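Coordinate inspection notes
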Amino acid sequence: MSVGFGVSLVVRGQTVDPEGMLAAVARAVIAIGIEVDRFGDVVRFTAEDLDDLSVLAAPLADWWQQHGPTTAGDVALRFVGPSGVTELTYSKPELAVEHVQRHIMVDSGRPYGPGETPGLVRRLTAALLRWARTGFTASELSIRDEGAVLCVALTGRDLDGRPRSLEFQALNPAHNDYDPGDDDGYCLVTEHHAPVFQGLVALQLTRWMLRLRLADGAARTWGTRSAMYPVRLHLDNHEIEQLRHSLRRLFSFGGDRFSAPTLDLQ
């Protein structure tokens, strides 16, 4: 079953001509067999396997970064998937590829066919659940160790197909490219792409649940109704062990330089 996503770059309200980006990805898409369709300045990439699309992360991140995104949010890499439109407006340059790859993995999917779009009841139920409780159910684990940066991401979807995610990121001080001046400590990012640095009071992992206790500032940034942020885990035993090992390693990167949360990884 084919999967894919649409992408465009919007700079100060104007959609950018994707010709340069298409030239940069031409060799890769031909080699892998990714189908490319252009609709004005929006491009859709489709492949037989989701992992095939990950090759697009680096060139798309480079296209985005060339236009100088800032915290003002006026340079947005926009993704279109079955659940709607999401945007990347800013990240540290060294994390841009990881952020784009996470969007590709979360936002890609098979377009809804006739009669497949979630109905009113499912959309209302999903909206009520999002309002009534924090957190989500994660069905996929992604661990990316690029040497300089370790990223651990949990992703899932709500009843209406809307993507949900939580990603932990940290710079590895043992890497040759490490610059302590660029290190603000571990970072947490959700599907709303609001980064929070050192935003945890405590973290607990059990077989079926990852429980985060957010610092007050983190809870305000994410707009959660509670400082408790539970992520239910629909993962197999091997994935749980991978998650445990990766989180333990990620939170060891801070050493004595940053305040670490209370960890209970059992």
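Our structure's up above, just so we're on the same page.
If you're wondering where the values come from, they're calculated on a predicted model, not measured in any experiment.

1. Quick look at the sheet that holds strand β12 (residues 196-197)
One open sheet holds the five strands; their spatial order is β8-β9-β10-β11-β12, and the pairing between them is antiparallel. Looking at the sheet topology across the chains shown, the edges are occupied by β8 (140-145) and β12. Alignment of strand β11 (residues 187-190) against β12, held across two bridges, turns out to be antiparallel. Directly across from Leu188, in β12, lies its bridge partner Val196.

2. Quick look at the pattern of salt bridges
Summed over the entire model, instances satisfying the criterion amount to 11 salt bridges. The partner of Asp17 in a salt bridge is Arg38, and the shortest N-O contact between them spans 3.2 Å. Taken together, the residues Asp17 in the loop between β2 (14-15) and α1 (19-32) and Arg38 in strand β3 (residues 35-39) connect sequence positions 21 residues apart. Under the relative-accessibility criterion, Asp17 is labelled partly exposed at 45%. Note on Arg38: relative accessible area 35%, which makes it partly exposed. Glu191 serves as the salt-bridge partner of Arg164, at 2.7 Å between the closest nitrogen and oxygen. Of this pair, Arg164 sits in strand β10 (residues 163-171) while Glu191 is found in the loop between β11 and β12, placing the two residues 27 residues apart along the sequence.

3. Concerning empty space enclosed by the protein
Considering all chains together, one arrives at one cavity of 30 Å³ or more under this definition. Of the volumes computed, that of the largest cavity is approximately 70 Å³. Contributing to the lining of the largest cavity are Lys92, Glu94, Leu95, Gln169, Ala170, Leu171, Asp182, Asp183, Asp184, Gly185, Cys187 and Phe197. If you tally residues by element for the lining of the largest cavity, the top one is β10, at three residues.

4. Overview of the environment of Pro180
Here Pro180 is to be found in the loop between β10 and β11. Using a relative accessible area of 54% as the deciding quantity, one classes Pro180 as exposed. For the pair Pro180 and Arg257, spaced 77 residues apart in the sequence, the C-alpha separation amounts to 9.9 Å.

5. What about the nonpolar core?
Taken as a class, soluble globular proteins show a tendency for nonpolar side chains to be buried jointly. One finds Phe168, Leu210, Leu212 and Leu233 to be the most contacted residues of the largest nonpolar core, which totals 33 residues. Ranked by residue count, the leading element in this core is helix α6 (residues 237-252), at five residues. Residues in contact with Leu212, not counting those within four places in the same chain, are Leu166, Phe168, Leu188, Leu200, Ala202, Leu203, Ala227, Met228 and Tyr229.

6. With respect to α1
The end-to-end C-alpha separation of α1 is 20 Å, in line with the 20 Å expected for 14 residues at 1.5 Å each. Its maximal kink placed at Val25, α1 deviates by approximately 50°. Met21, Leu22, Val25 and Val29 are the residues of α1 that are buried. Lining the buried residues of α1 we find β1 (3-11), β3, β4 (42-47) and α2 (57-65).

7. Describing the pairing of β11
Alternating positions in β11 separate into two faces, Cys187 and Val189 on one and Leu188 and Thr190 on the other, with burial throughout. Relative to β11, β10 runs antiparallel, the two sharing four bridges. In the sheet register, Gln169 faces β11, and the bridge partner there is Cys187. With antiparallel pairing between neighbouring strands as the criterion, β11 and β12 make up a hairpin whose turn holds five residues, including His193 at a positive phi of roughly 65°.

How each quantity is defined
- Residues numbered from 1 in each chain as written.
- Predicted model: local features only at pLDDT ≥ 70, side-chain atom pairs only at ≥ 80, totals over all residues.
- Heavy atoms only, no water.
- Pairing = 2+ DSSP bridges.
- Helix = DSSP H or I, 4+ residues; strand = E, 2+ residues; numbered from the N terminus.
- Salt bridge = Lys/Arg side-chain N within 4 Å of Asp/Glu carboxyl O.
- Buried < 20%, exposed > 50% of the residue type's maximum accessible area, 1.4 Å probe, protein only.
- 1 Å grid on protein atoms, 1.4 Å probe; cavity = no way out; pocket = protein on both sides within 12 Å on 5 of 7 lines; lining within 4 Å.
- Points joined across faces, edges and corners; volume = space filled by probe spheres on them.
- Core = buried A, V, L, I, M, F, W, Y, C linked by side-chain atoms within 4.5 Å.
- Contact = heavy atoms within 4.5 Å.
- Expected span 1.5 Å × (residues − 1).
- Bend = angle between axes of the 7 residues up to and from the residue.

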